[in-house]
Amino acid sequence: TGTDAVWKVDADGRLTKLASGEALGQPNGLVVHQGSVYVVGWRDGAFYRLERDGSRLDLGRAPKAQLDGLVRVPPQEPGEPPFWLASSWQGQCLY
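Predicted model, so just to flag it, every value in this text is computed and none were measured. (Residues numbered from 1 in each chain as written. Predicted model: local features only at pLDDT ≥ 70, side-chain atom pairs only at ≥ 80, totals over all residues. Heavy atoms only, no water.)

Draft legend 1. Here's a closer look at the sheet that holds strand β8 (residues 83–88). Overall, antiparallel pairing links the 3 strands, which are arranged β7-β8-β9 in an open sheet. Only two strands of the sheet have a single neighbouring strand rather than two, namely β7 (67–73) and β9 (93–94). For β7 and β8, the ladder comprises 5 bridges, and the chain directions are antiparallel. The residue bridging Leu67 from the neighbouring strand is Ser88, located in β8. (Pairing = 2+ DSSP bridges. Helix = DSSP H or I, 4+ residues; strand = E, 2+ residues; numbered from the N terminus.)

Draft legend 2. Focus on the pairing of strand β5 (residues 46–50). Counting buried positions over the 5 residues of β5 gives 4, a clear majority of the element. Pairing geometry for strand β4 (residues 36–41) and β5, over 4 bridges, is antiparallel. When the sheet's bridge partners are listed, Val40 is paired in β5 with Phe47. Following β4, the chain reverses through 4 residues before pairing antiparallel with β5; Gly45 in that reversal takes a positive phi of roughly 75°. The antiparallel hairpin formed by β5 and strand β6 (residues 56–61) contains 5 residues in its connecting segment, where Gly54 sits at a positive phi of about 90°. (Buried < 20%, exposed > 50% of the residue type's maximum accessible area, 1.4 Å probe, protein only.)

Draft legend 3. Spatial organisation of the layout of surface pockets. Roughly 250 Å³ of volume is contained in the largest pocket. Every residue along the wall of the largest pocket is listed here: Val6, Trp7, Lys8, Leu18, Leu30, Val32, Gly35, Ser36, Val37, Leu50, Glu51 and Arg52. Among the secondary structure elements, those contributing two or more residues to the lining of the largest pocket are β1 (5–9), β3 (27–33) and β4. For the lining of the largest pocket, the leading source of residues is β1, giving 3 residues. Of the residues assigned to the lining of the largest pocket, the class counts are 7 nonpolar, 2 polar and 3 charged. (1 Å grid on protein atoms, 1.4 Å probe; cavity = no way out; pocket = protein on both sides within 12 Å on 5 of 7 lines; lining within 4 Å. Points joined across faces, edges and corners; volume = space filled by probe spheres on them. Nonpolar A, V, L, I, M, F, W, Y, C, P; charged D, E, K, R; others polar.)

If you want it as structure tokens, here you go:
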């Protein structure tokens, strides 16, 4: 929408802004996991995590931008990390 914001919907249906600003890179793919929101950006190809207080932790950046969608693939073995998939219109691929 060009608003560069991530919103939270409370149990009672109330909307509150979790984070906003151009630094979010037009968030366009979201996954909520264990209280954090994982995000990919359309404009800049960024992959980051938003905490409940709206703070951001950068996790990486795709070689091409226009990321559209994000999927968390659970670990296959105990102790292994999950992996993430994001599609890129600009790169015409999955990262």
